[in-house]
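The residues making up each chain are set out below.
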Amino acid sequence: MAAAPELTSLRSPRVVAARKLARRSFRGKERRFLAEGPQAVREAIEHLVEVYVTPEAAERHAGIVAAARAARVPVLTASEEVVAEMSDTVTPQGIIGLCRFLDAPFEEILESRPRLVAVLAHVRDPGNAGTVLRCADAAGAEAVVLTDASVDLYNPKAVRASVGSLFHLPVAVGVPVERALDGLRAAGARVLAADGAGDHDLDGELDLGTMGGPTAWVFGNEAWGLPEETRALADAVVRVPIHGRAESLNLATAAAVCLYASARAQRAPGGCRTVTGS
């Protein structure tokens, strides 16, 4: 039988503080954010401050609760009403992690000389930002950079859309786009801007064998793409070929295609990674 919850009052200071984290200004002040659901909390173990979980979810996700406690993270049982009050979703999953900010200094990313990076320039939709971060993680990228014109990394929708990938790779935030691209180029990366009106074709770049080296892909705004001044900062502006009748690809799909094209080329003979290694 599930134990009685410890947190039951919606006026509890913990609950009130958690609700305030829905606001970007409060997240920035406290350098804290919420990660909802078992997948996110499982991946966030090293960054957790506290865990809030309903008694039923504590039984259902006993492994996550045990891992948090093993990491000396306080785990507080809470009523369903309290978890719902903290949650940003329509159907809460019964477990929420209070996490520390985890963005990495841009200089540290440059010092690591990453071989594959996704740069989000002017990306405003949090769901798209989180999804691109997930694609970058899946493709084996070593870093993600959000420019100062992009959405907040810790927006609840961005955190959910990353499905835990937020906790897997270094992410720099608030970097001016010119500094980001100049810095990555100086660190050895070829800077490619993804744009449907690009002069270069992704298939053509692959056929020419130009994709095997360190690469920073730049992805722009969902509605109007990349500004001309940002395109001018890239070494090449590359379009994903449309072989069928679709007008275009959405941001996350185009990002996945570009990142996987680089990942495959880098792992091929002659690329900057070995076929079996990473």
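Before any of the text, the structure's been laid out above.
Quick look at the structure, then. (Residues numbered from 1 in each chain as written. Predicted model: local features only at pLDDT ≥ 70, side-chain atom pairs only at ≥ 80, totals over all residues. Heavy atoms only, no water.)

Read across the sheet, 4 strands follow the order β1-β4-β2-β3 without closing on themselves; strand pairing throughout is mixed. A single partner strand is all that each edge strand has here, and the edge strands are β1 (32–36) and β3 (75–77). Across the sheet, the axes of successive neighbouring strands diverge by a mean angle of 20°, strand direction being ignored. Bridging between strand β2 (residues 48–53) and β3 involves 3 bridges; their strand directions are parallel. Bridge pairing in β3 places Tyr52 opposite Leu76. (Pairing = 2+ DSSP bridges. Helix = DSSP H or I, 4+ residues; strand = E, 2+ residues; numbered from the N terminus. Axes fitted to C-alpha atoms, helices over the stretch in contact; angles between N-to-C directions.)

Turning next to the nonpolar core. In this structure, Phe33, Val51, Val144, Trp217, Phe219 and Leu259 are the most contacted members of the largest nonpolar core, which totals 59 residues. Once residues lying within four places of it in the same chain are set aside, the contact partners of Leu259 are Leu116, Val117, Ala118, Cys135, Ala136, Ala139, Trp217 and Phe219. (Core = buried A, V, L, I, M, F, W, Y, C linked by side-chain atoms within 4.5 Å. Buried < 20%, exposed > 50% of the residue type's maximum accessible area, 1.4 Å probe, protein only. Contact = heavy atoms within 4.5 Å.)

Turning next to the environment of Ala22. With respect to the helices and strands, the residue Ala22 is situated in the loop between α1 (13–20) and α2 (24–30). A sequence separation of 30 residues divides Ala22 from Tyr52, and the C-alpha atoms of the two residues are 16 Å apart.

Quick look at a nonpolar patch on the surface now. Where nonpolar side chains cluster on the molecular surface, the patch consists of Ile242, Leu249 and Val257 and spans about 200 Å² of accessible area. Looking at the secondary structure, you find Ile242 in the loop between β11 (236–239) and α13 (251–267). The partly exposed category is assigned to Ile242, whose relative accessible area is 36%. (Patch = residues over 30% accessible without salt bridge, like charges linked within 9 Å, V, L, I, M, F, W, Y side chains within 5 Å. Areas by Shrake-Rupley, 256 points an atom, 1.4 Å probe, with all protein chains shown as cover. Salt bridge = Lys/Arg side-chain N within 4 Å of Asp/Glu carboxyl O.)

Take the side chain of Ser162 next. Inspection of the secondary structure assignment puts Ser162 in helix α9 (residues 156–162). On the basis of relative accessible area, Ser162 is assigned to the buried category, the value being 1%. Engagement of the side chain of Ser162 in a polar contact is seen with the backbone oxygen of Val159, the distance being 2.9 Å. The residues touching Ser162, leaving out its near neighbours within four places in the chain, are Gly130, Leu133 and Arg134. (Polar contact = N/O pair within 3.5 Å; in protein donor to acceptor, adjacent residues only side chain to side chain.)

Take the packing of aromatic side chains next. Following the criterion strictly, the structure yields 5 aromatic pairs and no others. Ring geometry for Phe33 and Tyr154: centres 4.7 Å apart, planes at 35°, overall tilted. You can see Phe33 sitting in strand β1 and its partner Tyr154 sitting in the loop between β6 (143–147) and α9, a full 121 residues away along the chain. Across the pair, Tyr154 and Phe33 agree in class, each one buried. With centroids separated by 6.3 Å and ring planes inclined at 10°, the aromatic side chains of Trp217 and Phe219 adopt a geometry described as stacked. (Phe/Tyr/Trp six-rings, centres within 6.5 Å; stacked < 30°, edge-to-face > 60°.)

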